[in-house]
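Structural description and commentary
The residues making up each chain are set out below.
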Amino acid sequence: IRNCDWSSDVCSSDLGSLRFYEAETGELQRTIELGKDRFVVTPVFSADGKWVTAAPFRETTKIWNAETGEERCTIKVENNQNTMISALLDPTSERFLALPSGMGRLQIWNAATGEALPEKDMEDQAPVGLRWMNGGKLLAGVGQGTLAFWKGADLALLQEHEGPKNTMAFGVSPDGRRLVAISRSTVAGENLLQVWGVVSKGAPPAK
């Protein structure tokens, strides 16, 4: 079960569907069907909790109104069988971003119409995941040995830093001012925890 961005609801993914429950009572409020071939998915919400989609996906996914279950648009990937390793809606809910495994580029769609927008080349940084920071002013990506930051508005590359190798997971603090990465250590049985913080408002984080 994964918490939504709103305190009143809880969302779980199970057997090809997204199910929304009242957090206080456990009452099932609504169900969004994804299809019988979609068994293990992660709900992806907009910053305001209004819109939801499901990741990963291979060929198509949809964006729904999380409050009503009404479909907003269909996102279609042309001629691509690669699984998405990271997907997110931008804080304005205007774009849907997805990072296919092994492709080195970010695919972008209009989150209202489903129209494909120009892709962003990220092959040099090769992120294994992406997170928003500073309310969408920054897009952070952690790759194998690379920590990179792009401008949220136009996705222009701002900075690159030496980052953790063998990254297993990373995330952003609720206030958007800390990035944490967990990676495998060269010492058997140990993992490394690294934290970066924002040095000034709107600026890329520094180690």
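Residues numbered from 1 in each chain as written. Predicted model: local features only at pLDDT ≥ 70, side-chain atom pairs only at ≥ 80, totals over all residues. Heavy atoms only, no water.

Section: the overall build of the protein
What counts here: A run of H or I in DSSP becomes a helix once it reaches four residues, and a run of E becomes a strand once it reaches two; helices and strands are each numbered from the N terminus. When accessible area is computed with a 1.4 Å probe and restricted to protein chains, residues below 20% of their type maximum are described as buried, those above 50% as exposed, and intermediate ones as partly exposed. Only heavy atoms matter for contacts: two residues are in contact if any of them lie within 4.5 Å across the pair. Using a 1.4 Å probe, the Shrake-Rupley method yields the accessible areas, and only the shown protein chains count as cover for residues.
The number of helices and strands found in the protein is zero helices and 20 strands. Evaluated residue by residue, the protein yields a buried proportion of 46% over its 207 residues. The long-range fraction of contacts in the protein, counting pairs at least 24 apart against all pairs at least 6 apart in sequence, stands at 31%. Accessible surface computed for the protein: about 10,900 Å², of which carbon and sulfur atoms make up 47%.

A word on the sheet that holds strand β8 (residues 71-76)
Heads up, the condition is: Any two strands with at least two DSSP bridges between them are considered paired. For helices, the fitted line uses only the C-alpha atoms of the stretch in contact; every axis is such a line through C-alpha atoms, and the angle between N-to-C directions lies from 0 to 180 degrees.
Strand order across the open sheet formed by four strands is β5-β6-β7-β8, with antiparallel pairing between neighbours. Two strands close off the open sheet at either side, each with one partner strand: β5 (42-45) and β8. For this sheet, the mean inter-axis angle between neighbouring strands, taken without regard to orientation, is 25°. Where strand β7 (residues 60-65) and β8 come together, five bridges link them in antiparallel fashion. Considered in β8, the bridge of Thr61 is made with Ile75.

Quick look at the environment of Lys151
Turning to its location among the elements, Lys151 is positioned in strand β15 (residues 146-151). Judged by its relative accessible area of 35%, Lys151 falls in the partly exposed class. The contacts of Lys151, once residues within four sequence positions are left out, are Lys137, Ala156 and Leu158.

As for the nonpolar core
In summary, soluble globular proteins display a tendency toward joint burial of nonpolar side chains. To be explicit about the condition: For this analysis, a nonpolar core means a set of buried residues of the types Ala, Val, Leu, Ile, Met, Phe, Trp, Tyr and Cys, connected via side-chain atoms within 4.5 Å.
In this structure, Phe57, Ile63, Ile75, Leu89, Phe96, Ala98 and Trp109 are the most contacted members of the largest nonpolar core, which totals 14 residues. When residues of this core are traced back to their parent elements, those giving at least two are β6 (51-55), β8, β9 (84-89) and β10 (95-100).

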